[in-house]
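What follows is the residue order along each chain.
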Amino acid sequence: MNFRSLKGMKDVLPSESALWLHVENTIRREMDLFNYREIRTPILEETGLFARSIGELTDIVTKEMYTFQDRGKESVTMRPEGTAPTIRAYIQNNLGEQSPLSKVFYLGPMFRQERPQAGRLRQFHQFGAEAVGSSSPQLDVEMIILPISIYRRLGVDAFSVKINSVGCEKCRPRYKELLKTELMKVRSKLSPESQARVNDNPLRVLDSKDENDRKLTAHMPLIKDHLCEECRTHFASVQFHLGAVGIKYDIDGRLVRGLDYYTKTAFEISSPALGSQDALAGGGRYDLLVKELGGRATPGVGFAAGIERLLIALAEVRGSAAATPSPDLFIVAQDEASREWSFVHAAELRSKGIATEVDYLGRSVKSQMREANRQNARYVIVVGADELRSGRAAMKEMATGKDFPVSLDAIEIPAPRP
RNA sequence: GUGUCCAUAGUUCAGUCGGUUAGAACGCCAGGUUGUGGCCCUGGAGGUCGUGGGUUCGAGUCCCACUGGACACCCCA
């Protein structure tokens, strides 16, 4: 019986984990700089949380969630995104009472049962941030700068930014009706997917990739031209602040996020390195969400970004070069007695902070040297009967091939690790 | 959920018109050379050709089904 990982679920192998760590460290450091604190929420949540926030009729909720009954017969779901759990935790722990503005970030696995393809997995990883408690358009812009700063820090600077405003509870219903009547006129000619959306989610019809849909809706009114006073001002302000910090962007009047909780600002950052699934990050404002989930009405903004997609974009710019850790010292043992000596002394050296490796396979000196070289060990000591008797050995610096005498009971690494 | 393409050593691949014992490179193991590793040289291990069925005197090669994978639709990060 050969077990395989589930479809769309991948192992991060030892050869790749250094790169992951590098990316994660860079994300954490940037979150620090922007003053966001990490929040870690459970993978499993009550199913209703997602249905309520993301939207009962969205694709995510209707056909992509890992939902099952636990042993207590409660319907639970593996989180498909990070915002709903974060807001749930915000409300449950009264974070809003402790300070007027909460700035938090998360980093971890998300689950969506879709057909895998390039840049799309069933278990994937996202990092994201949420700022809850302010309706300042500067925070909308911060949610765009933040992921961009991380990308730049990593060396990815080929991306494009699209923004839109999807209005609020005051202007969106009116616009929806307007758009719906327009769509009804051409309904029968739309693609099946779009036809199904005319009633429930007319805005998504405008975001269809179908060429014919595009043609049919080309002249139709866009929500950005039908915003209420407040939303219009907000959107203008977002654009002003984006310009002020020097972020290039395009306004895409058809951009709609696939999650229902967004209001006002919606944005997407995409990369040409990515292929069909080209969104690196997406997000927007959700001024109604906290109340929707049972908290007191509190405005919020956030973004989410895919780590696997970032890794793809990273591979395009540089040959995924993150330094793999290597031992400071490899002790080559010539016989059983020295093998035992190395085993015992490796532990001592490690406690002193010297990364030390020994041979466990009883290999020849030549093989052990090859192993030390393969592992990119900085120094090697060959220990045999003579060395144990005299207490002295030669320590070889692998990069230069030069060696120098050391006392076996006082081994030190000359220079600190780079 | 739909479609297209793909499946041969650990990895990347070659394998002619269907024809004898399925190959290469890299990697791995052992040895030689070297001041004890890298470079070089010699040797070795490693394959149910994804699985099952069919056609044929004969199938890695042709046909069918299944499984797995990649990509695209859809959706989104």
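Residues numbered from 1 in each chain as written. Chains lettered and ligands numbered in written order. Predicted model: local features only at pLDDT ≥ 70, side-chain atom pairs only at ≥ 80, totals over all residues. Heavy atoms only, no water.

Asker: It is not clear to me how helix H1 (residues 14-33) should be interpreted in this structure. Could you clarify?
Answerer: The terminal C-alpha atoms of H1, which comprises 20 residues, lie 29 Å apart, in line with the 28 Å expected from a rise of 1.5 Å per residue. Those residues of H1 that fall on the buried side of the exposure criterion are Ala18, Leu19, Trp20, Val23, Thr26, Ile27, Glu30 and Met31. Where H1 is buried, its residues meet strand E5 (102-111), strand E6 (123-132), helix H6 (137-154), strand E11 (300-306) and helix H13 (307-317). Positive phi appears at asparagine 35, one or two residues downstream of H1, with a value of about 65 degrees. (Helix = DSSP H or I, 4+ residues; strand = E, 2+ residues; numbered from the N terminus. Expected span 1.5 Å × (residues − 1). Buried < 20%, exposed > 50% of the residue type's maximum accessible area, 1.4 Å probe, protein only. Contact = heavy atoms within 4.5 Å.)

Asker: Would you mind going over the sheet that holds E5 with me for this structure?
Answerer: Strand pairing in a sheet relies on backbone hydrogen bonds, with the paired strands running either antiparallel or parallel. Strand order in the open sheet formed by eight strands is E1-E5-E6-E11-E10-E9-E7-E8, and the pairing between neighbours is mixed. At either end of the open sheet lies a strand with only one pairing partner, and these are strand E1 (37-38) and strand E8 (250-251). Sheet topology places strand E7 (residues 160-165) next to E8; two bridges connect them, and they run parallel. Of the residues in E8, the one forming a bridge with lysine 162 is aspartate 250. (Pairing = 2+ DSSP bridges.)

Asker: So what exactly am I meant to see when it comes to the packing of H6 against helix H11 (residues 229-244) here?
Answerer: How two helices pack is summed up by the angle between their axes together with the distance between the axes. Two elements in contact, H6 and H11, have axes separated by 8 Å at closest approach and are oriented at 50 degrees. Viewed along their axes, H6 and H11 adopt a mutual orientation that is oblique. Judged by the sense of rotation from one axis to the other, the crossing of H6 with H11 is right-handed. Between H6 and H11, the contacting residues are Pro137, Gln138, Asp140, Val141 and Ile144 on the first element and His234, Ser237, Val238, His241 and Leu242 on the second. (Axes fitted to C-alpha atoms, helices over the stretch in contact; angles between N-to-C directions. Parallel < 35°, antiparallel > 145°, perpendicular 65-115°, else oblique. Left-handed = near helix turned anticlockwise from the far one by under 90°.)

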